[in-house]
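Breakdown of the fold
Each chain is listed here by its residues.
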Amino acid sequence: MTFTIVTVLHDSAPELPRLLASIDAQPRPRPQIVAVDSGSSDDGPRLARDAGAEIVVMDGNPGFGAASNAGVARARHSVTVLLNPDCELLDAGLAELVARAEEREALVVPRLLNADGSPQRSAHPLPGRPAALVRAVLPTRSLPEPHRARRTRGVGWAIAACMAGRTEMLRRLGPFDPTAFLFYEDLDLCLRARVAGVPTLLHPEVRVRHLGGRSTTRAFGGEAFALRAQRRREVIGARLGKRALRIDDTAQGLTFALRAAVGRERERNVAALRALRDVRRVSPTADSP
């Protein structure tokens, strides 16, 4: 079946050729490709156009959510796949993901892989639950983590680097909050979808390589720890309430602190812990729904 791919470009030229080549290698018929240019200063839009994509040019850089929404608005097929430019399709599994999305109203995601082929932590339990405190202090290998699932299963939320759904449903959901500039748009989407009775389903048999965070790292000159902490707290406070926010704050803090204590990416986890502490001082709580 034919479907639409929406990809948002922001100085994505280094990664984009790999994605476009992997799309071109997919079985025919070729999908509609909508590339949304969100303030690029490189050749990404030209590369996409030369590959046959329809280009939507945004006014400046309104953020990932608004750009994605503009792309979904141009979709001509019943299923749309949101696909980051730093992804690579490894086989013909995307057609299977699209077929699953056609079957029912759901946000459907594959297993994402790191550059070395290891499973990426891309599917997560619902945040703000007491079980998150247990996960924070126990070795992750001793727990049934969603991203390591071997069979199709529902998850609390998933990274939207590759996410499929019925186009009409995505438009009804937004799919994203256009006022949010960056980070945790996918968490917000999955939580809003859950309230609307739309589950997030992981299909681990479909595999997509995801490099992750390349354009944002270039834009911020590194990881934007403070903005990530702020956005996560805003979403959880708004969608799940103050109690869930308190639990998530504690779980996140424990995770960062324990990883740093055992020398696991110490500098990175210390930076994340400091950012969380600083953001909590400015905004101790968030508005509940």
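Below you will find a few notes about this structure. Since this is a predicted model, take the numbers as computed values, not measurements.

1. Some points on the overall build of the protein chain
Scanning the protein chain for helices and strands turns up 11 helices and 11 strands. The principal-axis extent of the C-alpha atoms belonging to the protein chain is close to 50 × 40 × 40 Å. Looking at the protein chain as a whole, 51% of its 289 residues qualify as buried. Computed over 43 positive and 32 negative side-chain charges, the inter-centroid distance for the protein chain is 7 Å.

2. Focus: a nonpolar patch on the surface
Together, Val134, Val137, Leu138, Leu254 and Leu258 give the surface a local cluster of nonpolar side chains, amounting to about 370 Å² of exposed area. Secondary-structure elements contributing two or more residues to the nonpolar patch are α5 (131-137) and α10 (242-261). Of note, Leu254 is situated in helix α10. Judged by relative accessible area, which is 31%, Leu254 ranks as partly exposed.

3. Brief notes about the packing of aromatic side chains
Evaluation of the coordinates by the stated rule reveals 2 aromatic pairs. Here the aromatic rings of Phe64 and Phe176 are separated by 5.4 Å at their centres, their planes lie at 55°, and the arrangement is tilted. Residue Phe64 is located in helix α3 (residues 64-73), and its partner Phe176 is located in the loop between α6 (167-173) and α7 (185-195); the two are separated by 112 residues in the primary sequence. Geometrically, the ring pair formed by Trp157 and Tyr184 is tilted, given 6.0 Å between the ring centres and 55° between the ring planes. With Trp157 in strand β9 (residues 157-158) and Tyr184 in the loop between α6 and α7, the pair connects residues that are 27 residues apart, well separated along the chain.

4. With respect to the side chain of Asp186
Here Asp186 shows up in helix α7. For the buried Asp186, which has no salt bridge, the nearest side chain bearing the opposite charge is Arg228, at an N-O separation of 7.5 Å. Side-chain polar atoms of Asp186 contact the backbone nitrogen of Ala160, separated by 3.0 Å.

5. Considerations on the pairing of strand β3 (residues 54-57)
Where strand β2 (residues 32-37) meets β3, 4 bridges bridge the pair, whose relative direction is parallel. Bridged to Val34 within β3 is Glu54. You can see the chain leave β2, run along helix α2 (residues 44-50) and come back into β3, and the turn it takes is right-handed.

6. Describing unusual backbone geometry
Residue Arg28 is joined to Pro29 through a cis peptide bond whose omega torsion reads 5°. In this chain, Gly174 is followed by Pro175 through a cis amide linkage whose omega measures -5°. By the element assignment, Pro175 lies in the loop between α6 and α7. Backbone geometry at Phe183 places phi at a positive 80°, although glycine is not the residue there. Relative to the helices and strands, Phe183 is located in the loop between α6 and α7. For Phe183, a relative accessible area of 9% puts it in the buried group. A positive phi is found at Glu265, a non-glycine position, where the angle reads about 45°. The topology assignment puts Glu265 in the loop between α10 and α11 (266-282).

7. Overview of the environment of Ala272
Within the secondary structure, Ala272 is located in helix α11. Since its relative accessible area comes to 12%, Ala272 is described here as buried. For the pair Ala272 and Phe225, spaced 47 residues apart in the sequence, the C-alpha separation amounts to 5.5 Å. The contacts of Ala272, once residues within four sequence positions are left out, are Phe225 and Phe256.

8. Brief notes about the nonpolar core
Counting residues in hydrophobic clusters, the biggest one holds 39 residues, and the most contacted among them are Val36, Leu107, Met163 and Leu187. For this core, the leading source of residues is α7, giving 5 residues. For Met163, the contacting residues outside a window of four places in its chain are Thr80, Val81, Leu82, Leu107, Val108, Val109, Ala158, Leu189 and Cys190. Counting residues in each nonpolar core, the second largest holds 30 residues, with Leu20, Ile23, Ile33 and Leu89 among its members.

9. Quick look at the packing of helix α9 (residues 225-240) against α10
Between α9 and α10, whose axes approach to 8 Å, the crossing angle comes to 150°. In terms of orientation, α9 and α10 fall into the roughly antiparallel class. At the point where α9 passes α10, the crossing takes the right-handed sense. Between α9 and α10, the contacting residues are Arg232, Arg233, Ile236, Gly237 and Leu240 on the first element and Ala244, Leu245, Asp248, Asp249 and Gln252 on the second. Of the residues that constitute the contact of α9 with α10, the class distribution is 4 nonpolar, 2 polar and 4 charged.

Calculation criteria
Residues numbered from 1 in each chain as written. Predicted model: local features only at pLDDT ≥ 70, side-chain atom pairs only at ≥ 80, totals over all residues. Heavy atoms only, no water. Helix = DSSP H or I, 4+ residues; strand = E, 2+ residues; numbered from the N terminus. Buried < 20%, exposed > 50% of the residue type's maximum accessible area, 1.4 Å probe, protein only. Lys, Arg positive; Asp, Glu negative; His and termini not counted. Charge placed at Lys NZ, Arg CZ, Asp CG, Glu CD. Patch = residues over 30% accessible without salt bridge, like charges linked within 9 Å, V, L, I, M, F, W, Y side chains within 5 Å. Areas by Shrake-Rupley, 256 points an atom, 1.4 Å probe, with all protein chains shown as cover. Salt bridge = Lys/Arg side-chain N within 4 Å of Asp/Glu carboxyl O. Phe/Tyr/Trp six-rings, centres within 6.5 Å; stacked < 30°, edge-to-face > 60°. Polar contact = N/O pair within 3.5 Å; in protein donor to acceptor, adjacent residues only side chain to side chain. Pairing = 2+ DSSP bridges. Right-handed = clockwise from strand over helix to strand, strands pointing away. Contact = heavy atoms within 4.5 Å. Core = buried A, V, L, I, M, F, W, Y, C linked by side-chain atoms within 4.5 Å. Axes fitted to C-alpha atoms, helices over the stretch in contact; angles between N-to-C directions. Parallel < 35°, antiparallel > 145°, perpendicular 65-115°, else oblique. Left-handed = near helix turned anticlockwise from the far one by under 90°. Nonpolar A, V, L, I, M, F, W, Y, C, P; charged D, E, K, R; others polar.

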